[in-house]
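Secondary and tertiary structure notes
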Amino acid sequence: MMMAADRAKWQADVVVLGAGIVGVSIALHLQRLGRQTILFDRRPAGEGTSFGNAGIIQREAVFPHAFPRNIRELLIYAFNGKTEAHYHASMLPRLLRPFAQYWHHSEPGRYHAIARDYARLIAHCVDDHRALAAEAGAADLLHDGGWTAACATPRALDGFLKIAEESRRDFGVGYQALDGARLSAAEPHLRAGLAGGVHWTDPVTLRNPLALTRAYLALFEKLGGRFAYGDARTLTRAGAGWAVTGDEAAISAEQAVVALGAWSPVVTKPLGYDPPLFVKRGYHMHYRPEGNAGLNHPVLDVENGYMLVPMDAGIRLTTGAEFADRDGPPTPVQLTRVEPLAHNLMPGLGERIDPEIWMGARPCTADMLPIIGPAPRQPGLWFGFGHGHQGLTLGPTTGRLLAAMMVGETPFTDPAAFSPARFA
Ligand SMILES: Cc1cc2nc3c(=O)[nH]c(=O)nc-3n(C[C@H](O)[C@H](O)[C@H](O)COP(=O)(O)OP(=O)(O)OC[C@H]3O[C@@H](n4cnc5c(N)ncnc54)[C@H](O)[C@@H]3O)c2cc1C
């Protein structure tokens, strides 16, 4: 075991805690701006929640996931009657505070104002990824062509088309309406008889999200950035700066960034910052396609709230939201419930590939906006977390915004709506 006295001492301008897609992107942007940066994680980069998502850079996601306001819908969710969401009753006492705020912010007037702020970030997601991927020599990991929301019933299709039209009208999001025949032509391996769908044309998709995070990490290291293993809970004040204890070295830096995704409160709470953050856990499993079966693009089963995504590792089924203890054992009831529905939607979806079901934790805030900016009471400490359903989408955009703020450049958009101070 290494003794404290043996440990090397590393100094940097900034230490970024958390090497998911968000932390890696922040560190990369800081390094590009000439700030000597150390990226710090207990695991290899990109192996947290960023590992197992649906791989969509969601240019269409201008409307964040709202809390249901309709009593009938609420009752269905209360009885775990929908496959897209599931909660553990034991979590209710802990969820009361964030849920009350989530409900409040989902009121239509407030929600639309939030969507306008969110859209200011979402608008840049594809360009920001393209810029980093090109510089990292990883442009071939990004696939054009968007993704498709498939509806079994005309009622679901009408509802989805309304959202698509609003997204186009208010935020310039591109889509094509598909009737049943056009959906079949676009995705011939889905079952016959679906009502139709919406094809979002602007998003870019990945077949291997981990490869993209690793490519950004490689660029960060090529530019002189350094990766260090260790536990972020060792963060302490050190003079006017910050220090963490790494496995190999004692690290000190003038500034620190918390980008620990769903685990961010383990560092912020002891420092007196406890935002209404909660997790929506999600699961994935890969399936072997049978014969020549396949998907041209990711497909959402709108009525049942899961996705089927063509990945290098097979067809990835990703589930909706599970409100459960962040670090509790996996309880993949949603995956078990949607699996037969997925086989019905795509008859050529073959057997399971992975030996175990993967689980991740989406870091969600009660007002559906990420937390990006300076810590309210701790000079030199910055936050970049709370990206909920769209952390992959918004990693590079968050990195560009936060890095500009940290070096005193004018950010590309007004960051006030994302300020940590709103929860202080
Ligand atoms: C099923 C599913 C599908 C999704 N699909 C999409 C999608 O298609 N598009 C999209 O944009 N988003 C999607 N998301 C959301 C997205 O994956 C997350 O928002 C994103 O991964 C969050 O990234 P992050 O960097 O904030 O957190 P993470 O990737 O979780 O990284 C946090 C890091 O902190 C580290 N850490 C934690 N505690 C400590 C500690 N004490 N010390 C040191 N290190 C620590 C972890 O090891 C980890 O590397 C999906 C999520 C799920 C679950």
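As shown above, the structure is provided for reference.
Residues numbered from 1 in each chain as written. Predicted model: local features only at pLDDT ≥ 70, side-chain atom pairs only at ≥ 80, totals over all residues. Heavy atoms only, no water.

A short note on the overall build of the protein
Along its length, the protein carries 11 helices and 22 strands. Since a compact globule built from 424 residues should have a radius of gyration of about 22 Å, the 21 Å found for the protein is in line with a globular shape. For the C-alpha atoms alone, the extent of the protein along its principal axes is close to 70 × 45 × 40 Å. Per-residue burial over the protein gives 55% buried out of 424 residues. When contacts within the protein are restricted to residue pairs at least 6 apart in sequence, those whose partners lie at least 24 apart make up 79%. (Helix = DSSP H or I, 4+ residues; strand = E, 2+ residues; numbered from the N terminus. Rg over C-alpha atoms; globule rule 2.2 N^0.38 Å. Buried < 20%, exposed > 50% of the residue type's maximum accessible area, 1.4 Å probe, protein only. Contact = heavy atoms within 4.5 Å.)

A short note on the sheet that holds strand β9 (residues 204-206)
Read from one edge of the open sheet, three strands run β3-β9-β5, paired in antiparallel fashion. Both edges of this open sheet fall to β3 (56-57) and β5 (142-143), since each of them pairs with a single strand only. (Pairing = 2+ DSSP bridges.)

Considerations on the layout of surface pockets
Each pocket or cavity is described by its volume, and for the second largest pocket that value is around 430 Å³. Along the wall of the second largest pocket there are 17 residues; nearest its centre are Arg94, Pro265, Lys269, Leu277 and Phe278. Looking at the lining of the second largest pocket, the elements with two or more residues in it are α3 (92-105) and β14 (277-289). The element contributing the most residues to the lining of the second largest pocket is α3, with four residues. When the residues that make up the lining of the second largest pocket are grouped by side-chain class, the tally is 11 nonpolar, no polar and six charged. (1 Å grid on protein atoms, 1.4 Å probe; cavity = no way out; pocket = protein on both sides within 12 Å on 5 of 7 lines; lining within 4 Å. Points joined across faces, edges and corners; volume = space filled by probe spheres on them. Nonpolar A, V, L, I, M, F, W, Y, C, P; charged D, E, K, R; others polar.)

Re the state of the cysteines
Following the criterion strictly, the structure yields zero disulfides and no others. Cysteine Cys125 remains unbridged, with the sulfur of Cys364 as its closest cysteine sulfur at 18 Å. Its relative accessible area of 0% is what places Cys125 among the buried residues. (Disulfide = S-S within 2.5 Å.)

As for the side chain of His86
If you trace the backbone, His86 turns up in strand β4 (residues 85-87). Of the residues examined, His86 reaches a relative accessible area of 14% and is grouped as buried. For His86, the contacting residues outside a window of four places in its chain are Asn80, Ala321, Glu322, Phe323, Val333 and Gln334.

Considering empty space enclosed by the protein
By the definition in use, this model includes three cavities of 30 Å³ or more. Here the largest cavity is characterised by a volume of approximately 130 Å³. Lining the largest cavity are 15 residues; nearest its centre among them are Pro64, His65, Met368, Gly388 and His389. For the lining of the largest cavity, the secondary structure elements donating two or more residues are β14 and β20 (358-365). Looking at the lining of the largest cavity, its residues break down into seven nonpolar, seven polar and one charged. There is about 60 Å³ of room inside the second largest cavity. Lining the second largest cavity are Thr268, Leu271, Gly272, Tyr273, Ala375, Pro376, Arg377, Gln378, Leu381 and Phe383.

Some thoughts on the side chain of Thr83
Secondary-structure assignment places Thr83 in the loop between α2 (71-78) and β4. Discounting chain neighbours no more than four positions away, the residues touching Thr83 are Asn304, Gln334, Arg337 and Val338.

With respect to the site of the ligand
Around the ligand, the structure places 33 residues, and the nearest of them are Asp41, Ser50, Ile56, Gly388 and Thr393. Within the backbone of His389, one N or O atom sits 2.9 Å away from a nitrogen atom of the ligand. For the ligand, whose free accessible area comes to 1000 Å², the fraction covered by protein is 98%. When contributions to the shell around the ligand are tallied by element, the ones reaching two or more residues are α1 (21-32), β14, β20 and α11 (391-407). In terms of residues, the shell around the ligand owes the most to one element, α11, which gives three residues. Of the residues that constitute the shell around the ligand, the class distribution is 10 nonpolar, 18 polar and five charged. (Near = heavy atom within 4 Å. Polar contact = N/O pair within 3.5 Å; in protein donor to acceptor, adjacent residues only side chain to side chain. Areas by Shrake-Rupley, 256 points an atom, 1.4 Å probe, with all protein chains shown as cover.)

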